[in-house]
Amino acid sequence: MELHLTPIITDALVAAGQNPKCFVGMDGVRAVFDSQNLDLNGKLSIERIVVGALEKARAEGRIPMDMQPVIYFRRPENTTNSPTAPTAPAPSTRPVATGVKAKTGPFGVRFARRAIPGVKHVVLVASGKGGVGKSTVSANLAVALAKNHNVGLLDADIYGPSAQILLGLSGSMPVTSGNKLVPLEGHGVKVVSFGFLTDPTQPVIWRGPMVSKALEQFFYDVEWGELDYLIVDMPPGTGDVQMTFAERLPVAGAILVTTPQDVALVDAKKAFAMFEKLDVPVLGAVENMAWFTCPECGHEEHIFGRDAFQDFIKERKLKLLARIPLLKEIRVRSDEGMPAARADDATTNLPWDALAASVHGALPVD
Ligand code: ADP
């Protein structure tokens, strides 16, 4: 194994601009890396590079399909080679909250969870894939919940923040004399978004550790006040942001948003598996763009399919929280910053209030 893998891993690290010296070498089935100077995000990016390179080598037939080494980070002073030895993140980049005991979990995450003072329930709205309507669902759920509760919306979709557009907000967040950020408020929801920090016309290129730090500021350095629910619009996928939430916050539950299309469901399954491993309860799934009704003849078309979503929730024993049609009104209202779930909006008959009631039922606040 050693002969085959060493050059593949070394070349991949060099190509990705990483120092190849962090690769100590193969030790039986383990690819051993030196974890000195690597925080969690550093380790995750090395893991990603190596997994990607090995996948490619397998696909090209350069190594056997069953050659799956274990990626193992070792501290230089650690001579026991124990695969369970914890690897500590660099304290300068990932401070562990005082008084919070860190414990290691799957994917090498270091749990050091600390609640946001005043916030009762943190609810993650997630999808595996982008473009399936996660931000639309987050914003409308937040607005629907805000009819009866104190609600915040944290747009953690760093690469495509849109909460500010969906809720008709612009500008930047004021900072208090105590250096706390003040959320902007739209349709009764307190909103914090990466979109308030960045130039909307420029792409966001943030490295993992910066993302984690910014997120921690959004958790603890914001004047959230008393919130019943903090709804979080997650970025798609299973990366740095997801890890930071799992490590840092006690999360009450996650909602999976997906279209019924196979390609979206593959990613939703990955997201579900991640939450299961990280011990985040999944409250249920929202099927978005479930059908389209022809405005001319009233025919109902299941553009993205149907059965695969039903199979998905059945297999995972997931609660169906809402089915949302593909509807021009939803897109138009989103672009106008006038979410369809507003209290005074009776023009659409969508199940936003029912979705809010399900969340409240699963996570009561009174
Ligand atoms: P994500 O957050 O998953 O990337 P968005 O919520 O930004 O997805 O939705 C992607 C696009 O699809 C947006 O233009 C949005 O207005 C539109 N959209 C989302 N859900 C619907 C729907 N049910 N009907 C019509 N358009 C929708």
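See the structure printed just above.
What comes next concerns the included structure. (Residues numbered from 1 in each chain as written. Predicted model: local features only at pLDDT ≥ 70, side-chain atom pairs only at ≥ 80, totals over all residues. Heavy atoms only, no water.)

## Side note on the sheet that holds strand β1 (residues 23-27)
Overall, mixed pairing links the three strands, which are arranged β1-β2-β3 in an open sheet. Looking at which strands have only one partner, the edges of the open sheet turn out to be β1 and β3 (70-74). Averaged over neighbouring strand pairs, the angle between their axes works out to 25 degrees when direction is ignored. The pairing of β1 with strand β2 (residues 30-34) spans four bridges and is antiparallel. Bridge pairing in β2 links G25 to V32. (Pairing = 2+ DSSP bridges. Helix = DSSP H or I, 4+ residues; strand = E, 2+ residues; numbered from the N terminus. Axes fitted to C-alpha atoms, helices over the stretch in contact; angles between N-to-C directions.)

## Side note on the site of the ligand
Near the ligand, the surroundings consist of 16 residues, among which G131, K134, S135, T136 and P325 are the closest. A distance of 2.9 Å separates an oxygen atom of the ligand from a polar backbone atom of K134. Taking S135, its side chain carries an N or O atom lying 2.7 Å from an oxygen atom of the ligand. When the free accessible area of the ligand is taken as 560 Å², the share hidden by the protein chains comes to 79%. Contributions of two or more residues to the shell around the ligand are made by α3 (134-145) and α9 (328-336). Grouping the constituent residues of the shell around the ligand by class yields seven nonpolar, seven polar and two charged. (Near = heavy atom within 4 Å. Polar contact = N/O pair within 3.5 Å; in protein donor to acceptor, adjacent residues only side chain to side chain. Areas by Shrake-Rupley, 256 points an atom, 1.4 Å probe, with all protein chains shown as cover. Nonpolar A, V, L, I, M, F, W, Y, C, P; charged D, E, K, R; others polar.)

## Considering the pairing of strand β9 (residues 189-193)
The side chains of a regular strand alternate, residue by residue, between the two faces of the sheet. Where burial is concerned, most of β9 is hidden: four out of the five residues are buried. Of the strand pairs in this sheet, strand β7 (residues 151-155) and β9 are connected by five bridges, and their pairing is parallel. Directly across from D155, in β9, lies its bridge partner S193. The sheet contact formed by strand β8 (residues 184-186) and β9 spans three bridges and is antiparallel. Residue pairing in the sheet places E185 in a bridge with K190 of β9. Linking β8 to β9, which pair antiparallel, is a turn of two residues; within it H187 sits at a positive phi near 50 degrees. (Buried < 20%, exposed > 50% of the residue type's maximum accessible area, 1.4 Å probe, protein only.)

## Some thoughts on the sheet that holds β7
In spatial order, the strands read β8-β9-β7-β10-β6-β11-β12-β15; together these eight strands make up an open sheet with mixed pairing. The sheet is open, and its two edges are formed by β8 and β15 (320-323), each paired on a single side. Along the sheet, successive strands turn relative to each other by an average axial angle of 25 degrees, direction set aside. Contacts from helix α10 (residues 352-362) reach β6 (119-126), β10 (227-233), β11 (253-258), β12 (282-287) and β15 within the one sheet, and its direction differs from that of β15 by about 170 degrees. (Contact = heavy atoms within 4.5 Å.)

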